[in-house]
Amino acid sequence: MAILGISAYYHDSAACVVRDGVLIAAAQEERFTRKKHDAGFPSNAVQYCLREAGITLSDLRYIAFYDKPLLKFERLIETYLGFAPRGIHSFLTAMPVWLKEKLLLKELIQKEILAGTQGISKRELPPLLFTEHHQSHAASAFFPSPFRSAAVLCLDGVGEWATTSAWLGQENSLEPLWEIRFPHSLGLLYSAFTYYTGFKVNSGEYKVMGLAPYGKPRFVQSIYDNLLDLKPDGTFRMNMEYFDYCAGLRMTSGRFDALFGGPPRDPESKLTQRDMDLARSVQEVTEEVMLRLARTVHQETGAKDLCLAGGVALNCVGNGRLLREGPYDRLWIQPAAGDAGGAVGAALSTWFEFQNQPRTACETTDAMRGAYLGPSYSNDDIEGILRGLDAPYTRLDDESLYACIARELAQEKVVGWFQGRMEFGPRALGARSIIGDARSPRMQSVMNLKIKYRESFRPFAPSVLRERVADYFDMDVDSPYMLLVAPVTEKRRIDMSDADRDRWGIELLNVPRSDIPAVTHVDYSARIQTVHEATNPRYYRLLSAFEKLTGCGVIVNTSFNVRGEPIVCSPQDAYRCFMRTEIDTLVLENCVVAKKDQKIGQKDDSWRTEFVLD
Ligand SMILES: [Fe+2]
């Protein structure tokens, strides 16, 4: 029995197909349309998932949508009434879209699905089911996890009403325990600081987390005293006088601005110490809330393991602290923790809860298949595409490929690595990655300035052989989805000289802090991806070849895209990105494309803009 899961119309639309409880395919629409965070109906993702599963619409038993539009509408109306007449402007902005499209969601979804298919009528469409937003998050966190029983915490901005929810997952059921409702939201608190420090809400949160290590937590008390009434059990209420997201089109109010000494930072202006201190402060508060909530659910359920989802679960610094300081034996975090993952949750909830199918959780591996759930291309496909592009290349056998690319990495070359099925979720995990030598002190700035065309305060993330993770980091668990931050081990750290200590803010990033400087943040932390032979054998073998050559089992991994663009999906996307940047070598499965062999006329600089701090 096949179920199509869909999340759409908010941000990061996505689709997936689950067959007999097994996740067959999942992808975000942005990868196909090349429009970052595309919120439109995921027509391309739906078509891809059906193709991958080898089925058509008429083979589907259900279509499951990740939230309930009527409940969301109720929240919108009640919020407006609670603040009226303030908020009329944002209310009037939102209403036409709701009345025209979202309330008629069932018809809209049916229309969109039928538009992409021929030979099927509306009457033949499978039934459409709607799960609640947090139920979708909870299902995406628990059902693919390796646990038969676990506590589940969902933390996000907002769906319908819930912003925080706690569940007990047992076998094929999820029991709701309690929830915190809009407007009180840890995700929206973080987004308010994201907005205030000049970054984009819903995507810049990651930057605030990366900025935090440069700051001092000097606003923490002020946040507790004024913005957030945090109880010992981790539940909280926010003082809405400081926020404007209920009634206005901004995140923060004038009172918020006054409390922190001025208006939000202009995105084009320079970052100041105050921005860094604000980032550090909201990060600390977020971690504290996460820890307290996790302890409370532990006391209530006695569960040994914890599952997480919702946008806040992408806060890998907070997750790292939960792992080290929390009461749980194990953590499992849905890699597509944001709303894209809701598609997976909706489909799995339909299978396990609605259809009451038994669960066969495996205690050693999860059911996300390393998140490699997207399209792949054969060597023959790729050769055809490269010939069509008139791009010279060499096809190598597997062993020569790993040895050749390991050598290139050791020579400080930057490599575009395109292998197997594309990742589902926001992170590149060695299927669509740009990689380099983590030992190189210049790799950080080379990759930022010549590839990503940005100046950055964030270090890159390390990919490390699972068996070697404890040799490099103070952590010895699986982290296949780059969702845990841990410190570089003491013995690898380099102490700062007194002169370096005087450097200000982001200048510190250029001071090597360990023997793998390209992946070490200023506070010695690293955002770790453990690489597993079972889920990504080719990436694992490349890392093994690099270790054999250099003695180092870690490389730099950043997503295969340039600033402002979604991660590449097809070989054509990869080749275009390769030609637009100073990536030295492009590897498409077994085909190796060297920049020096490409025709000069193919180099495309047209899109390049000025350097931006990212
Ligand atoms: Fe959400």
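Residues numbered from 1 in each chain as written. Predicted model: local features only at pLDDT ≥ 70, side-chain atom pairs only at ≥ 80, totals over all residues. Heavy atoms only, no water.

**Q** I'd love a proper account of the overall build of the protein chain, names of residues and values included.
**A** Helix and strand content of the protein chain: 20 helices and 23 strands. Taking 614 residues into account, the globule formula puts the C-alpha radius of gyration at 25 Å, and the protein chain, at 24 Å, falls close to it. Projected onto its principal axes, the C-alpha positions of the protein chain cover 70 × 65 × 50 Å. Looking at the protein chain residue by residue over its 614 residues, the buried ones come to 61%. A fraction of 72% describes how many contacts in the protein chain between residues 6 or more apart in sequence connect residues 24 or more apart. Taking the 72 positively charged and 79 negatively charged side chains of the protein chain as two groups, their mean positions are separated by 2 Å. (Helix = DSSP H or I, 4+ residues; strand = E, 2+ residues; numbered from the N terminus. Rg over C-alpha atoms; globule rule 2.2 N^0.38 Å. Buried < 20%, exposed > 50% of the residue type's maximum accessible area, 1.4 Å probe, protein only. Contact = heavy atoms within 4.5 Å. Lys, Arg positive; Asp, Glu negative; His and termini not counted. Charge placed at Lys NZ, Arg CZ, Asp CG, Glu CD.)

**Q** An account of unusual backbone geometry is needed here, citing residue identities and associated values.
**A** Excluding glycine, a negative phi dihedral is what most residues carry, and trans is how most peptide bonds are arranged. Note that the residue after F182, namely P183, is joined by a cis bond; omega there is 10 degrees. Relative to the elements of secondary structure, P183 occurs in the loop between β8 (173-181) and α7 (186-196). At M482, a residue that is not glycine, the phi angle is positive and equals roughly 60 degrees. Looking at where M482 falls in the secondary structure, it is placed in the loop between α17 (469-472) and β18 (484-487).

**Q** Describe the nonpolar core, and please don't skip the residues or the numbers.
**A** Judged by nonpolar contacts, the single largest core of 207 residues is most densely connected at L189 and F243. Discounting residues that sit within four places of it in the chain, F243 has contacts with L189, A192, L227, M238, M251, T252, S253 and F256. (Core = buried A, V, L, I, M, F, W, Y, C linked by side-chain atoms within 4.5 Å.)

**Q** Residue-level account of the coordination of the iron ion, with values.
**A** Bound to the iron ion are the protein donor atoms H133 (NE2), H137 (NE2), D156 (OD) and D339 (OD), situated 2.2 to 2.3 Å from the metal. Mapping the donors of the iron ion onto the primary sequence gives the spacing H-x3-H-x18-D-x182-D. Remark: H137 and H133 occur in helix α6 (residues 133-142); sequence separation between them is four residues, near one turn of the helix. Taking the relative accessible area as the measure of exposure, H137 reaches 1% and is therefore buried. (Donors = N, O, S within 2.8 Å, 3.2 Å for Na, K, Ca; no water.)

**Q** Any chance you could break down the packing of aromatic side chains for me, citing the residues and the numbers?
**A** Counting across every chain of the model gives 23 aromatic pairs. Relative to Y66, the ring of F65 lies with its centre 5.4 Å away and its plane at 75 degrees, an arrangement referred to as edge-to-face. What links up through ring pairs into an aromatic cluster is the set F182, F193, Y196, F219, F243, Y245, F256 and F260. Here R427 stacks its cationic end above the ring of Y206, 4.0 Å away from the centre of that ring. (Phe/Tyr/Trp six-rings, centres within 6.5 Å; stacked < 30°, edge-to-face > 60°. Lys NZ or Arg CZ within 6 Å of the ring centre and 35° of its normal.)

**Q** Requested: an account of the pattern of salt bridges, with residues and values cited.
**A** Tallied over the full model, the rule gives 32 salt bridges. The partner of D573 in a salt bridge is R34, and the shortest N-O contact between them spans 3.7 Å. Of this pair, D573 sits in helix α20 (residues 571-580) while R34 sits in the loop between α1 (30-33) and α2 (43-53), and the two are 539 residues apart along the sequence. A relative accessible area of 9% means that D573 is categorised as buried. The shortest N-O distance in the salt bridge between E533 and R541 comes to 3.6 Å. Judged by relative accessible area, E533 falls into the partly exposed class, the value being 42%. A relative accessible area of 35% means that R541 is categorised as partly exposed. Through salt bridges with shared partners, a single ionic network connects R34, D573 and R576. (Salt bridge = Lys/Arg side-chain N within 4 Å of Asp/Glu carboxyl O.)

**Q** Kindly report on the sheet that holds strand β5 (residues 128-130), identifying the contributing residues and their values.
**A** With mixed pairing, the five strands of this open sheet are ordered in space as β3-β2-β1-β4-β5. Only two strands of the sheet have a single neighbouring strand rather than two, namely β3 (22-28) and β5. Strand-to-strand twist of the sheet, defined as the mean angle between neighbouring strand axes without regard to direction, takes the value 20 degrees. Two elements, strand β1 (residues 2-7) and strand β2 (residues 14-19), share six bridges in a ladder whose sense is antiparallel. By the bridge assignment for β2, L4 is matched with V17. Helix-sheet contacts for α2 involve β1, β2, β3 and β4 (60-65), and the interaxial angle to β3 is about 150 degrees. (Pairing = 2+ DSSP bridges. Axes fitted to C-alpha atoms, helices over the stretch in contact; angles between N-to-C directions.)

**Q** Residue-level account of the environment of L230, with values.
**A** One can find L230 in strand β9 (residues 228-230). Between the alpha carbons of L230 and R292 there is a distance of 9.5 Å; along the sequence they are 62 residues apart. Discounting chain neighbours no more than four positions away, the residues touching L230 are Y224, T235, F236, E288, V289 and R292.

**Q** Lay out the pairing of β8 in plain terms, naming residues and giving numbers.
**A** The pairing of strand β7 (residues 162-170) with β8 spans eight bridges and is classified as antiparallel. In the sheet register, Q170 faces β8, and the bridge partner there is S173. Between β7 and β8, which pair antiparallel in sequence order, lie two residues; one of them, E171, sits at a positive phi of approximately 50 degrees.

**Q** Describe the sheet that holds strand β12 (residues 330-333), and please don't skip the residues or the numbers.
**A** With mixed pairing, the five strands of this open sheet are ordered in space as β8-β7-β6-β11-β12. The outermost strands of the open sheet, each flanked by one partner alone, are β8 and β12. Direction aside, the axes of adjacent strands within the sheet are offset by 20 degrees on average. With seven bridges connecting them, strand β6 (residues 149-155) and β7 associate as antiparallel partners. Its bridge partner being in β7, L153 is matched across the sheet by A166. Sheet strands touched by helix α11 (residues 273-301): β6, β7, β8 and β11 (305-309). Its angle to β6, the strand with the most contacts, is close to 145 degrees.

**Q** Could you give me a rundown of the environment of W178, with the residues and numbers involved?
**A** Note on placement: W178 falls in strand β8. Separated by 16 residues in the primary sequence, W178 and A162 have C-alpha atoms spaced 9.5 Å apart. Setting aside residues no more than four positions away along its own chain, W178 makes contact with T164, S165, A166, T235, L293, V297 and E300. In this structure the side chain of W178 is engaged in a polar contact, spanning 2.7 Å, whose partner is the side chain of E300. (Polar contact = N/O pair within 3.5 Å; in protein donor to acceptor, adjacent residues only side chain to side chain.)

**Q** I'd like a description of α6, backed by residues and values.
**A** Residues spaced three or four apart along an α-helix point in a common direction, a consequence of the helix completing one turn every 3.6 residues. Judged by how many residues are buried, α6 sits mostly within the fold: nine of 10 residues are covered. Every buried residue belonging to α6 is among H133, H134, S136, H137, A138, A139, S140, A141 and F142, and all of these are buried.

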